[in-house]
Amino acid sequence: MKITGGEACGRPIEIPPHPGVRPTGSKMREALFNILGKLVENAQFLDLFAGSGLMGFEALSRGAGFLTLVEKNPVCIQTIKDNIAMLGYEKKTKIIQADVRRALASLNQDQFNIIFADPPYRSENSQVVVNIVQERQLLKTNGLLIIEHDKDMVLEADNKELRLMECRPYGQSAFSFFIAKKPILTK
């Protein structure tokens, strides 16, 4: 797999030798980052179920300010560390080795501009991530939560502060885009 855009375009990324790792294909990555455009620049980016870290590294390559990666598998963690060293992103990254639920519970409110999650397909984790992100208010105002999932899955946000904008299918997969709209405080 190679990074598809930005300063590290064309650089190869190691993929962990783990059967559960399913990297997002290059066409889907390009489509996603074309949609995000300048929103990535200087963004605080969170990559959940990071696997190889490919989506987060794509964000850094395209100008994200900082990347936090969450992954619990030790084999994947080592691959992520190797990829960080190979790309020279040591000062722009933080790795949290933990279950996503525990990791999200430890993060601060209003911390991220973009959160990307690619949990195992057909698991409850997609909706769990939506619920925890909205409950913990982890996104900055107008921040985006993007979930990659099976195209037949329907995700919802039951909160006025986090709303589903759209779901875009790509073959057997889809991206669901949620936006954080914080209420305006009045005196």
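Preceding this paragraph is the structure being described.
Residues numbered from 1 in each chain as written. Predicted model: local features only at pLDDT ≥ 70, side-chain atom pairs only at ≥ 80, totals over all residues. Heavy atoms only, no water.

Draft legend 1. Main features of the overall build of the protein. Tallying secondary structure elements over the protein gives five helices and seven strands in all. Start at the N end of the protein and walk to the C end: the helices and strands fall as α-β-α-β-α-β-α-β-α-β-β-β. Here the protein has a C-alpha radius of gyration of 15 Å; the compact-globule value for 187 residues is 16 Å, and the two agree. Counting over 187 residues, the protein shows a buried share of 49%. Long-range contacts, defined here as pairs at least 24 residues apart, represent 66% of the contacts in the protein between residues at least 6 apart. Separation of charge centres in the protein, based on 24 positive and 21 negative side chains, amounts to 4 Å. (Helix = DSSP H or I, 4+ residues; strand = E, 2+ residues; numbered from the N terminus. Rg over C-alpha atoms; globule rule 2.2 N^0.38 Å. Buried < 20%, exposed > 50% of the residue type's maximum accessible area, 1.4 Å probe, protein only. Contact = heavy atoms within 4.5 Å. Lys, Arg positive; Asp, Glu negative; His and termini not counted. Charge placed at Lys NZ, Arg CZ, Asp CG, Glu CD.)

Draft legend 2. Quick peek at the pattern of salt bridges. The full count for this structure, using the stated rule, is five salt bridges. Notably, a salt bridge pairs Glu-58 with Arg-29, separated by 2.9 Å at the nearest N-O pair. Here Arg-29 lies in helix α1 (residues 26-36) and Glu-58 lies in helix α2 (residues 54-61), a separation of 29 residues in the sequence. Here Glu-58 matches Arg-29 in class, with each residue buried. In this structure, Arg-168 and Glu-166 form a salt bridge, with 2.9 Å as the shortest nitrogen-oxygen distance. Residue Glu-166 is classed as partly exposed on the basis of its relative accessible area, which comes to 33%. (Salt bridge = Lys/Arg side-chain N within 4 Å of Asp/Glu carboxyl O.)

Draft legend 3. A look at the packing of α1 against α2. Two numbers describe how α1 lies on α2: the axes approach to 11 Å, and their chain directions differ by 45 degrees. Relative to α2, the element α1 lies oblique. α2 is crossed by α1, and the crossing has right-handed handedness. Mapping the contact onto sequence places Arg-29, Leu-32 and Phe-33 in α1 and Leu-54, Met-55, Glu-58 and Ala-59 in α2. (Axes fitted to C-alpha atoms, helices over the stretch in contact; angles between N-to-C directions. Parallel < 35°, antiparallel > 145°, perpendicular 65-115°, else oblique. Left-handed = near helix turned anticlockwise from the far one by under 90°.)

Draft legend 4. Molecular detail of the sheet that holds strand β2 (residues 66-71). Overall, mixed pairing links the seven strands, which are arranged β3-β2-β1-β4-β5-β7-β6 in an open sheet. Since the sheet does not close on itself, it has two edges, and those belong to β3 (93-97) and β6 (162-170), each with one partner. This sheet shows a mean twist of 15 degrees between the axes of neighbouring strands, independent of strand direction. Where strand β1 (residues 44-48) and β2 come together, five bridges link them in parallel fashion. The residue bridging Leu-48 from the neighbouring strand is Val-70, located in β2. Its contacts with the sheet place α2 against β1, β2, β3 and β4 (112-117), and it is angled at close to 165 degrees to β1. Of the strands in this sheet, β2 and β3 are in contact with helix α3 (residues 74-87), which crosses β3 at around 170 degrees. (Pairing = 2+ DSSP bridges.)

Draft legend 5. Molecular detail of unusual backbone geometry. The backbone of Asn-42 sits at a positive phi, close to 65 degrees, despite the residue not being glycine. With respect to the helices and strands, Asn-42 occurs in the loop between α1 and β1. At Gln-137, a residue that is not glycine, the phi angle is positive and equals roughly 50 degrees. As for its position among the elements, Gln-137 is in the loop between α5 (125-136) and β5 (139-150).

Draft legend 6. Representation of the packing of aromatic side chains. All chains considered together, the criterion is met by five aromatic pairs. Pairing Tyr-170 with Phe-175 gives two aromatic rings, centres 5.5 Å apart and planes at 65 degrees, and the pair type is edge-to-face. Note on Tyr-170: relative accessible area 24%, which makes it partly exposed. Each ring, one from Phe-175 and one from Phe-177, has its centre 6.3 Å from the other, and the planes form 65 degrees; the classification is edge-to-face. (Phe/Tyr/Trp six-rings, centres within 6.5 Å; stacked < 30°, edge-to-face > 60°.)

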